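Architecture and fold: a report
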Amino acid sequence: RKCSYGVGDEFSCKLVFSGFIFSIIDSSPSELAVLSLHDIEAFASWNTLGKDYAKTKLTVGWIQLDNHCPNAPYPVAFSPSRGKNFDGNDIHGKPFSLKIPFLEVQVDVAPRHRTGIRVLSAAVIMRNLSIFLDLAFIMRVQRFLLGVQDNLIGAIGGTNWNFIDSQEVWEHPDIEGLIRQKIARGKDIGMKTIFIQRLSIMPCSVRLSVAPVRTLTKYQEQFEGKESSAIHAAVRKGDLLVGEGSGVIGVKLGSKNRTALAVVRGMMKSILVDALLRCDGASLNFEGVALWNHLSNKEQLTTYLGAHYLASLISNVPALLGSLAAFGNPVGLIRDLGDGMSDFVNEPMKGFKKSIQEMDPSFVMSGVARGTGSLARHTLGGVADSAAMLTETAAKNMAVLTLDRKYAQRRDRVMRLKNNRTRADFVGGFESGLLKLVHGILEGVTGVVSKPIRGAERNGVEGFAKGVGKGLLGLLVKPVIGATDAITDTLIGVKESVDGMNPQHDIETLQTQVRPRRALYGVDRAIRNYRLDDATAATIQARSRLGGEEYLSHVDMTQNVALMSVRKLLILSGNGEEVLLLPYKMITKVETHEGADRYSVKIYLKEPKPDGTDYEEVMCPNLEIADLLQKELSNVLS
């Protein structure tokens, strides 16, 4: 919009976007993460002669980073805290939004001054946020960023780029010259004096959770590639290199413990890394910034803000240490007890005020009941959660002491009770714990026999001796691990039963990804425009017997679904049961058959089945789906 008032022209511009989604794909290729920004508004107004304030304002309703690494302990790595302002939707029923924007930034620049000093006012408001991380995700994101950096550096010095889509030759931009120009301009701006009328950065709170890395399955290792799988294995073993290599944190890939000392050292590293990099809901509070009538320059302002937030971070170190799972998260326990005591005092007071207003004493009794219930709920739940963390940490470290990596991996792949999609309760926790106790005893007893045999097959007498040692050690430790897991699951069941009485708990713990992981097509893993149905089908395939193969296509058959990888056809029923599995090399042709109210696709085989028939018949609900399945299979076979 343009307006003329005689003293320069006034311009204003407003941009509104429903959102942006950025897909981060590494070199495997596989989708590593998805960054989404929702409800974005940008406004700017200025005068061509600089006779009035130039104003800019940016608001972002929601920012979220989804973790698409397989077996990620947290599906969402970064999002606004889901507290009292979050009810799953905003007032218009729109997902991924808050009643108030997550981020607001406003900068006002005063008219030009004859001294050349810039006069500005700025305000930044960021709501509380939650960060959920695991070290494998951090390492893979770091590897991706370093790869982007290497590609940019490698592009410097080229002469031109040839774009395949347009078949045109574009001149290569002088990236090195642009960088030098930017640095020179930044130094010039940095030395200019800035007069800050007002700078306000509101305080915010960060809720940090860090979980240990989970082991990948065989199929996941095949799909992710050797390097990504090696990163997961190295992080789990604790082979970290701090301050070495290109990144902030590195890992030592492919290391093996060949001596007794190396084995002990590896065990201690794994236990130490798990103890120091595992916390649940650490609350980090960062104080705000308020500057009035402050004369500075860019470098001084940057130094001041850096020192301010570094001091805030250092002040949060005790809270961070107190939230470590190795200590049972005492800070979280104290926070739960404090919330319970606060409700125990405040709820009766609210009921008393309501009783006076309504002249009804029942509100007092209701307030006393709510306060007492909250105190009991927070006390019991906090103690159970803290004790569960201690027993879980002890069990995980004992699994390392068994020296049985495959056992530790099998145990790690089992979904923990508190990570199940269905709500757990005390009965479910007790049942799960009992099964793990029996499993631990069976693992210990069978290991006494299986370990020496397996060791002898691999390394003869020496392997047999090592197998006997591992078997006896497992006989002692694995039943104890099973008993500890049983206690852990029972305590988690108690915690979830108590939290189930609090409706706000579901809101605070809700984590929903923006969309499923992107599907990559064929042996070459071709990247195409995102399709939700293909992404959903590829996710289902990854959890089936075709998990290690590349996705190709699928057909939704209403009651069933046909998944086509690069080598096999798999048909699953609505409840996930396997209906048919056929390698393409066994198929000769595919035909559609239509009968009286009966539609099917006949898949003819190269060799007859034991019953003498030479085909598999797949029933379809209608002719359209039958033709679609026949067409897709024919395309795959061709």
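Residues numbered from 1 in each chain as written. Predicted model: local features only at pLDDT ≥ 70, side-chain atom pairs only at ≥ 80, totals over all residues. Heavy atoms only, no water.

**Describing the overall build of the protein**
- In terms of regular secondary structure, the protein is built from 14 helices and 23 strands.
- Residues counted as buried form 39% of the 638 residues belonging to the protein.
- In the protein, 62% of the contacts between residues at least 6 apart in sequence involve partners at least 24 apart.
- Just so you have it, the protein exposes about 36,000 Å², and 60% of that area is on carbon and sulfur atoms. (Helix = DSSP H or I, 4+ residues; strand = E, 2+ residues; numbered from the N terminus. Buried < 20%, exposed > 50% of the residue type's maximum accessible area, 1.4 Å probe, protein only. Contact = heavy atoms within 4.5 Å. Areas by Shrake-Rupley, 256 points an atom, 1.4 Å probe, with all protein chains shown as cover.)

**Section: the environment of Lys 602**
- Among the structural elements, Lys 602 can be located in strand β22 (residues 598-605).
- Excluding residues that lie within four positions of it along the chain, Lys 602 makes contacts with Lys 589, Val 590, Glu 591, His 593, Tyr 615, Glu 616 and Glu 617.

**Structural notes on the pairing of strand β11 (residues 193-201)**
- By the bridge criterion, seven bridges tie strand β7 (residues 118-126) to β11 in an arrangement that is parallel. Its bridge partner being in β11, Ala 123 is matched across the sheet by Ser 200.
- In this sheet, strand β16 (residues 289-297) lies alongside β11 in antiparallel orientation, the contact comprising eight bridges. In the sheet register, Arg 198 faces β16, and the bridge partner there is Trp 292. (Pairing = 2+ DSSP bridges.)

**Some points on the sheet that holds β22**
- In space, the three strands of this open sheet follow the order β21-β22-β23, with antiparallel pairing throughout. Each of the sheet's edge strands pairs with one partner strand only, and the pair in question is β21 (587-595) and β23 (615-620). Across the sheet, the axes of successive neighbouring strands diverge by a mean angle of 20°, strand direction being ignored.
- One ladder, built from six bridges, connects β22 with β23; its direction is antiparallel. (Axes fitted to C-alpha atoms, helices over the stretch in contact; angles between N-to-C directions.)

**What about a nonpolar patch on the surface?**
- Taken together, the side chains of Phe 426, Val 427, Phe 430, Leu 434, Val 438 and Leu 442 present a nonpolar region at the surface, about 570 Å² in accessible area.
- Inspection of the secondary structure assignment puts Val 427 in helix α11 (residues 426-499). (Patch = residues over 30% accessible without salt bridge, like charges linked within 9 Å, V, L, I, M, F, W, Y side chains within 5 Å. Salt bridge = Lys/Arg side-chain N within 4 Å of Asp/Glu carboxyl O.)

**Brief notes about the nonpolar core**
- One finds Met 557, Leu 569, Ile 603, Leu 629 and Leu 633 to be the most contacted residues of the largest nonpolar core, which totals 21 residues.
- Elements that contribute at least two residues to this core include exactly β17 (551-557), β18 (560-565), β19 (568-572), β20 (578-583), β21, β22, β23 and α14 (623-637).
- With five residues, α14 is the single largest residue contributor to this core.
- Leu 633 has contacts with Met 564, Leu 569, Tyr 584, Val 590 and Ile 603, leaving out every residue within four places of it along the chain.
- In this structure, Ile 40, Phe 102, Leu 129 and Val 514 belong to the second largest nonpolar core, which totals 20 residues. (Core = buried A, V, L, I, M, F, W, Y, C linked by side-chain atoms within 4.5 Å.)

**Here's the deal with a positive patch on the surface**
- On the surface, Lys 51, Arg 112, Arg 118 and Lys 192 cluster together into a positively charged patch.
- Its location among the elements puts Arg 118 in strand β7. (Lys, Arg positive; Asp, Glu negative; His and termini not counted. Charge placed at Lys NZ, Arg CZ, Asp CG, Glu CD.)

**Topic: helix α13 (residues 532-542)**
- Those residues of α13 that sit buried are Asp 534, Ala 535, Ala 537, Ala 538 and Gln 541. In a view along the axis of α13, the buried residues occupy a sector of 165°, so they form one face of it.
- Buried residues belonging to α13 abut β17 and β18. (Arc of directions from axis to C-beta.)

**Focus on the pattern of salt bridges**
- Tallying each qualifying case throughout the model produces 19 salt bridges.
- Measuring nitrogen to oxygen at the nearest pair gives 3.0 Å for the salt bridge that ties Glu 347 to Arg 370. Pair noted here: Glu 347 is in helix α8 (residues 330-358) and Arg 370 is in helix α9 (residues 362-401), with a separation of 23 residues, a long-range link.
- With relative accessibility at 15%, the residue Glu 347 sits in the buried group.
- Taking the relative accessible area as the measure of exposure, Arg 370 reaches 42% and is therefore partly exposed.
- Arg 598 is paired through a salt bridge with Glu 617; the nearest N and O atoms lie 3.2 Å apart. Within this pair, whereas Arg 598 is found in strand β22, its partner Glu 617 is found in strand β23, the two being separated by 19 residues in sequence.

**Structural notes on the sheet that holds β17**
- An order of β17-β18-β19-β20 is seen for the four strands of this open sheet, with the pairing classed as antiparallel. In the strand order of this sheet, the two ends are held by β17 and β20, each with one partner. Neighbour-to-neighbour, the strand axes of this sheet turn through a mean angle of 10°, independent of strand direction.
- Bridge count for β19 against β20 is five bridges, and the pairing is antiparallel. Counterpart to Leu 570 in the pairing with β20 is Leu 581.
- The sheet strands contacting α14 are β17, β18 and β19, and the helix crosses β17 at an angle near 165°.

**What to know about the confidence of the model for the protein**
- Counting all residues, the mean pLDDT for the protein is 80, and 80% of those residues have values of 70 or more.
- Here residues 84-92 is modelled with pLDDT under 50, and outside its nearest four sequence neighbours on either side it reaches 19 contacts, counting other chains as well.
- Confidence drops under pLDDT 50 across residues 505-509; counting only partners more than four residues distant or on other chains, this segment forms nine contacts. (pLDDT = per-residue confidence, 0-100.)

**Some remarks on unusual backbone geometry**
- That bond from Ser 28 to Pro 29 is cis: its omega, -5°, falls within 30 degrees of zero.
- In this fold, Pro 29 is placed in the loop between β2 (9-25) and β3 (31-47).
- For Asp 39, which is not glycine, the phi torsion reads 55° and is therefore positive.
- Position of Asp 39 among the secondary structure elements: in strand β3.
- For Asn 293, which is not glycine, the phi torsion reads 50° and is therefore positive.
- Here Asn 293 is to be found in strand β16.
- For Asn 293, a relative accessible area of 57% gives the class exposed.

**Focus on the packing of aromatic side chains**
- Tallied over the full model, the rule gives eight aromatic pairs.
- Plain terms: the ring middles of Phe 20 and Phe 22 are 6.4 Å apart, the flat faces sit at 25° to each other, and that makes the pair stacked.
- Owing to a relative accessible area of 44%, Phe 22 belongs among the partly exposed residues under this scheme.
- On the numbers, 5.2 Å between centres and 45° between planes, the contact of Tyr 74 with Phe 132 is tilted. Highlighted residues: Tyr 74 in the loop between β4 (54-67) and β5 (76-80) and Phe 132 in strand β8 (residues 129-134), separated in sequence by 58 residues. For the residue pair Tyr 74 and Phe 132, the accessibility class agrees, reading buried in each case. (Phe/Tyr/Trp six-rings, centres within 6.5 Å; stacked < 30°, edge-to-face > 60°.)

**Re the environment of Leu 199**
- One can find Leu 199 in strand β11.
- Overall, the relative accessible area of 9% leaves Leu 199 in the buried class.
- Put simply, Leu 199 and Ala 123 are 76 residues apart on the chain and 5.7 Å apart in space, counted from C-alpha to C-alpha.
- With near-sequence residues (within four places) excluded, Leu 199 lies in contact with Ala 122, Val 289, Ala 290, Leu 291 and Leu 301.

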